[in-house]
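Understanding the architecture of this molecule
Spelled out from the first residue to the last, the chains are:
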Amino acid sequence: MTGGDVEKVLDAVLHAQNRFHRLDARRKVLIGQLPLNVTLLLVAVVVFFSDRPAMERPGFVAGQAAALVILGLCLLVPWNRLPGWSILLVPLVDFIPLALLRSGIEGVLSGLGLLAVFPVMWLAGSGYRPRLTVAVSALGSLLMVWTPLLAVGSTAPHNLVAEIVVPFMLLAVAIAMSVLTVSGMAQQRKVEELLAQSKTRERLLDTILDTVDVGVLVVDSDGKDVFMNAKQRQLFLAGLPEEASGADDSELLVYRDGSDELLPLEQRPVARALAGDPISHEVYRLGRGADARMVSVSAREFLDAAGERGGMVLACSDVTEVIGAVRARDSFLSAMSHEFRTPLTSLLGYAELLQDDTSLGPAARADLQVMSRNARHLRKMVDDILAASVEGSSVETQRTRLDLARLLRQAAASAVPEAEGRGIELRVVADRDLPVLGDRTGLVRILDNLVSNALKYSEAGTSVLMTAEREGRTAVCRIEDQGLGIAPEDLGRIFSRFQRTDAARRAGIPGTGLGLALAREVAEQHGGRLEVASELGVGSVFTLRIPLAE
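First things first, this report covers the structure right here in the doc. (Residues numbered from 1 in each chain as written. Predicted model: local features only at pLDDT ≥ 70, side-chain atom pairs only at ≥ 80, totals over all residues. Heavy atoms only, no water.)

On inspection of all chains with the given rule, the structure shows 15 salt bridges. Across the pair D318 and R293 runs a salt bridge whose closest N-O atoms are separated by 2.9 Å. Of the two residues, D318 sits in strand β6 (residues 309-318) while R293 sits in strand β5 (residues 293-303), which places them 25 residues apart along the sequence. Between E469 and R478 there is a salt bridge, with its nearest N and O atoms 2.7 Å apart. The exposure class assigned to E469 is partly exposed, which follows from its relative accessible area of 28%. A single network of salt bridges, built from pairs that share partners, joins E469, E471, R478, R529, E531 and R545. (Salt bridge = Lys/Arg side-chain N within 4 Å of Asp/Glu carboxyl O. Helix = DSSP H or I, 4+ residues; strand = E, 2+ residues; numbered from the N terminus. Buried < 20%, exposed > 50% of the residue type's maximum accessible area, 1.4 Å probe, protein only.)

A word on the packing of helix α14 (residues 440-456) against helix α17 (residues 515-525). Relative to each other, α14 and α17 sit at 145°, their axes nearing to 9 Å. The two elements α14 and α17 cross, and the hand of that crossing is left-handed. Together, G442, L443, I446, N449, L450 and N453 of α14 and G515, L516, A519, V522 and A523 of α17 make up the contact between the two elements. Along the lines of polarity and charge, the residues of the contact of α14 with α17 split into 7 nonpolar, 4 polar and no charged. (Axes fitted to C-alpha atoms, helices over the stretch in contact; angles between N-to-C directions. Left-handed = near helix turned anticlockwise from the far one by under 90°. Contact = heavy atoms within 4.5 Å. Nonpolar A, V, L, I, M, F, W, Y, C, P; charged D, E, K, R; others polar.)

This part takes up helix α8 (residues 165-211). For α8, which comprises 47 residues, the first-to-last C-alpha distance of 68 Å matches the rise-based estimate of 69 Å (1.5 Å per residue) to within 8%. Taken as a whole, α8 has its buried residues at V166, P167, L170, A174, S178, T181 and L209. (Expected span 1.5 Å × (residues − 1).)

Further remarks concern the sheet that holds strand β11 (residues 474-480). Strand pairing within a sheet occurs via backbone hydrogen bonds; the two strands may be parallel or antiparallel. Pairing is mixed in the open sheet, where 5 strands are placed in the order β8-β10-β11-β13-β12. At either end of the open sheet lies a strand with only one pairing partner, and these are β8 (425-430) and β12 (529-535). The mean inter-strand angle of the sheet, taken between neighbouring strand axes irrespective of direction, is 15°. Inspection of the sheet shows β11 paired to strand β13 (residues 539-547) by 7 bridges, in the antiparallel sense. Its bridge partner lying in β13, I479 is registered against F542. Each of β8, β10 (463-471), β11 and β13 touches helix α13 (residues 404-422); the most contacted strand, β8, lies at about 170° to it. Against the sheet, α17 engages β12 and β13, with an angle of about 140° to β12. (Pairing = 2+ DSSP bridges.)

This part is about the packing of aromatic side chains. In this structure the tally under the stated criterion is 1 aromatic pair. Judged by centre distance (5.2 Å) and plane angle (90°), the ring pair of F48 and F49 falls under edge-to-face. Take F49: its relative accessible area is 66%, and that puts it in the exposed class. The cationic tip of R285 hangs over the ring face of Y255; the distance from NZ or CZ to the ring centre is 4.4 Å. (Phe/Tyr/Trp six-rings, centres within 6.5 Å; stacked < 30°, edge-to-face > 60°. Lys NZ or Arg CZ within 6 Å of the ring centre and 35° of its normal.)

Once that is clear, we can look at the sheet that holds strand β3 (residues 254-256). Read across the open sheet, the 6 strands follow the order β2-β1-β6-β5-β4-β3; overall the sheet is antiparallel. Of all the strands in the sheet, the pair left with one neighbour each is β2 (225-228) and β3. Geometrically, the sheet is characterised by an average inter-axis angle of 35° between neighbouring strands, direction not taken into account. Contacting β1 (214-220), β2, β4 (282-286), β5 and β6, helix α9 (residues 230-239) crosses the sheet at an angle of about 85° to β1.

Shown next as structure tokens:
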């Protein structure tokens, strides 16, 4: 017999066992009793051919009749209405026909006492009070062999001892059967508990996945759908055209963000994920027209129990409203910035013309300088908002070879009038040339913003130190002030858009909360970074690091 044949036999046995447990009480009793009656029928056949006169002995007739009566009772008694333990009365009374048969045809067939293994296994294998059923099995086996001796008066000790072998063997069978049954029942309870826990966790997981507002799709290694939660089903239906003939993935309308060209199947998220391409927060459009949905897709591989690749899990977030809100905000900021910038430019132009008028007195000229300074500050705020509203801009095509040290000195020179007006000393320490490849407008914006912040947050009588130096293959600019400083809880969010510190708001220092956010973005676009170290009440140090040009 091959290993496959053994597995088939075991599967058949387990299937039969599961079917047996689902039967009603009457059928279970009949199935439990039939093996003994069939064996007794075989005994009758053997006796008929070997010693026919023995079939007329009272013990043999009474034993066979008793076995048939017990089988009839198994069929007629309403076991479903009786307590579960009542079924064990059947194997108990089975010892009676066995004792009659054993005494009735003694000398014709040997080993009839071993037929008691049927009721013994039934009792011990029931799992009902194992110690009690084992003791009852031993007692029933002992009475089966001793009762005929007691009936004829053969109570001599040697006669009783001579018949103890069969009961001892049956006791051993009962003990072994009871141990196996108890162990099997314990394992079955453990398996049932594990199955119950598994079903509970499965239902909990299904509930969680159907509750979250993220579409989850699980595909196997062949790309076939394994699981799809409720949100993913909504997104799937949104991507199907009205004329779709079925629910096939190939019929989905999938587009790149900003494109009206349908994506080929091999470029779609599922195919790319199965091919090994990393997918993280990539935006696609499902469907077309007003009902189209924008989704952000991420994919991760999962492994099966053997550690092999089992498939992919894709998470799809509906970002339609978010993208719409961002685009509306950027459009609004851009439009408003342009509207503000035009009159501000006109104001600054006329202010410069008025400053050339020699007829102005000192007081009027001072007022005009205040007006110009505030107008320039307002224009800078508008420029920051305008820069923040531009999406997708990149400095890659605008990069030229620049001297970062020179840009720092120019930023310092531009800030001298403001520093003198505030009574702040401005010092510059810059190395020789620090060549970098970058966008002049972006780098100037960073330096101007850092210097302007250092002056705004410093008090009269303090100083601002600006340094530029080499550190390995990196150009490093530091702007150090002795101003208000930044609280530890604010350090983690000062580079976020529209975020300002509590100290700045309390001091009434004007600003949009965009300058540092834009400065960091420009630094990262140049392959560098913008860092800050600060202590409240002591001052701050902002450090700009840009890779040196080759």
